[in-house]
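Here's the letter readout for the chains.
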Amino acid sequence: MRLFDTLSRTERELLPIDGSTYRFYCCGPTVYGPAHIGNFRTFVLQDVLRRTLETGGTRTLHIRNITDVDDKTIRDSQSAGQSLKQFTTGWTEKFHVDCEKIGLLEPHIEPGAVDHIPQQIAMIQKLVEKGHAYASDDGSVYFKISSFPGYGRLSRLDQRELEIGKTQNARSSSDEYEKDSLSDFVLWKGRRAEDGENFWPSPWGEGRPGWHLECSAMIQEYLGDSFDLHSGGVDLVFPHHENEIAQSECACGGHFAAQWFHITHLLVDGGKMSKSLGNLYTLADLAERGFSAMEVRYVLIGAHYRKPLNFTLDSLSGAREAMAKLAKAARQLAAKADPETRLVSADFGPFQAAWDSLNNDLNTPGALGGIFTGLRDAANLTGPEAAAALAGFNRLLRALGLTLPEEIGQDAVEIPESVRLLAEARWQARLAKNWAESDVLRAELTRQGWLVKDGKDSYTLELND
RNA sequence: GGCGGAGUAGCCAAGUGGUAAGGCAAUGGUUUGCAAAACCGUCAUUCGAGGGUUCGAUUCCCUCCUCCGCCUCCA
């Protein structure tokens, strides 16, 4: 497959460096609260990338870290009256539940920062030895940007911008840490009173690792000097990924990531998502409004990853309808498919265009469109052809990580006795052709939130949204 | 101010130097006591605005407008 690379700004074929396994790293969540749908846009697209590679026959090694020590985790664990470990473990577990609901494959390795302190210290030592880092009087260690000429290539910052950043920042944080240059960033933070119990010994005194360094050290640990792809939300391009490149290439001497994959942020109702605007949604928030995580996933893959996605509650309703339509079409195809057909072909049949879209810079909306047109084209197929088409359809859905809704069973919803009686009375009135009575009873059921659908010989009740 | 991205039907959203995928909604028909559901149709001479290049531009170039992101630890 081909994918746009942030660093070279070109589309490139994704081929494993080692010729066998595509090894990639994704910046994971900072576990100090529930992940929101913006976080999940990134994780879902990374998941689709992996699934597409695997569906195409490429083996993968997927690593996604957990940031379990930083300013926010420390601050919020303290106000929660918990140890950092208790606090981050709790949120990590909740994150995993959400991941499963939204259909994310588990990463092959999910390292946490706190478990890799020695590796981080070792990397800092190497940087100090090579003259890329220096300690300050307060026990912090900084990376010396001027020692790495390649700094700014990923985010296209030139020296002038760095200087501007320097002066802009001079006022706000001049009393925080000592630095030779204000654009140098911290590798190790000297222990401060507000860190409480959260500090570790190091050659520079007690303290804790800087955020940027975590990823570099864990990548070194599990992927070595060079690997295939590094990914995260666009906001991480600068400074996080820029700093990782500097740290890792200076410490290890490799080429670090061969490819960079950044996912654009989503908008909510056309604007930025934020707590203060009341439009920051978590999966739990949306579940309360009656939307499943899989419906959220459908919306999240409904726009190209390099374009802003405007998330609305209406689009979630649309996702529900669209998925129901897919499920129905799939059932119809399955009913006509020859069950004896053994599939050996890697062909996608009517869904080839959808598969091609996915492989062309991960064009998920194009793939979804291709699925619908493929389904239309497959409508008249029968026997072995229908079976082959169904197989292509299923492979595509797996690549997208979509699980379609099952047929809702008769007793899927608990129906209160009073409602059941009302519905039964209405049915009898209807059989007696007492339309007026029937309509009154239906209005009452509607008022109570129930939708009646009349069939030929019976009726169904559905909970209205 | 610097850098990067986006503006396509009511909404979400692909795409392309050769005349606009798909989904939702809406709407017409069939069906239904009426609805709902289902099925069959319809639904952008037009792609933020104005110039330019071209046989031809939504697609390339220029200007402008609007929106969004980053500019030191936010996916």
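It should be emphasised that the depicted structure is a prediction, and the values quoted were computed from it without experimental measurement. (Residues numbered from 1 in each chain as written. Chains lettered and ligands numbered in written order. Predicted model: local features only at pLDDT ≥ 70, side-chain atom pairs only at ≥ 80, totals over all residues. Heavy atoms only, no water.)

A. Main features of the sheet that holds strand β4 (residues 59–64). Taken together, four strands build an open sheet; the order of strands is β4-β3-β10-β12 and the sheet is parallel. Here the strands that pair on one side only, and so sit at the sheet edges, are β4 and β12 (260–263). Sheet twist, expressed as the average angle between the axes of neighbouring strands with direction ignored, equals 20 degrees. When strand β10 (residues 229–233) meets β12, the two strands line up parallel, connected through four bridges. The partner of histidine 230 across the bridge, within β12, is tryptophan 260. Relative to β10, helix α7 (residues 237–252) is tilted by about 160 degrees, and along the sheet it contacts β10 and β12. (Pairing = 2+ DSSP bridges. Helix = DSSP H or I, 4+ residues; strand = E, 2+ residues; numbered from the N terminus. Axes fitted to C-alpha atoms, helices over the stretch in contact; angles between N-to-C directions. Contact = heavy atoms within 4.5 Å.)

B. Seen up close, the nonpolar core. Counting 74 residues, the largest nonpolar core has Phe40, Phe311, Leu362, Ile371 and Phe393 as the members making the most contacts within it. Ranked by the residues each element gives to this core, the list is headed by helix α13 (residues 383–400), at nine residues. If near-sequence neighbours (up to four positions away) are discounted, phenylalanine 40 is found in contact with Ala35, Phe95, Asp98, Cys99, Ile102, Leu104, Leu283 and Leu300. Counting residues in hydrophobic clusters, the runner-up holds 40 residues, among them Ile74, Met123, Leu223 and Cys250. (Core = buried A, V, L, I, M, F, W, Y, C linked by side-chain atoms within 4.5 Å. Buried < 20%, exposed > 50% of the residue type's maximum accessible area, 1.4 Å probe, protein only.)

C. Up close: the pattern of salt bridges. Scanning the model with the defined rule gives 21 salt bridges in all. The closest approach of N and O atoms between aspartate 47 and arginine 297, which form a salt bridge, is 2.8 Å. Note that aspartate 47 is positioned in helix α1 (residues 37–55) and arginine 297 in helix α9 (residues 293–300), a separation of 250 residues in sequence. The exposure classification of aspartate 47 matches that of arginine 297, with both residues buried. Aspartate 439 is the partner of arginine 442 in a salt bridge, and the nearest nitrogen-oxygen pair spans 3.4 Å. Note that arginine 442 and aspartate 439 are positioned in helix α15 (residues 435–447) at a spacing of three residues, about one turn of the helix. What emerges from the salt-bridge pattern is a single network uniting Asp71, Lys189, Arg192, Glu194, Asp195 and Arg208. (Salt bridge = Lys/Arg side-chain N within 4 Å of Asp/Glu carboxyl O.)

D. Seen up close, the sheet that holds strand β6 (residues 141–143). Taking strand neighbours across the sheet as the criterion, the four strands line up as β5-β6-β7-β8 in an open arrangement whose pairing is antiparallel. The open sheet is flanked by β5 (133–135) and β8 (207–209), the only strands paired with a single partner. When strand polarity is set aside, the average angle formed by the axes of neighbouring strands in this sheet is 20 degrees. Where β6 meets strand β7 (residues 185–190), three bridges bridge the pair, whose relative direction is antiparallel. Opposite valine 141, over in β7, you have tryptophan 188 as the bridge partner.

None of this, on its own, says anything about what the molecule does.
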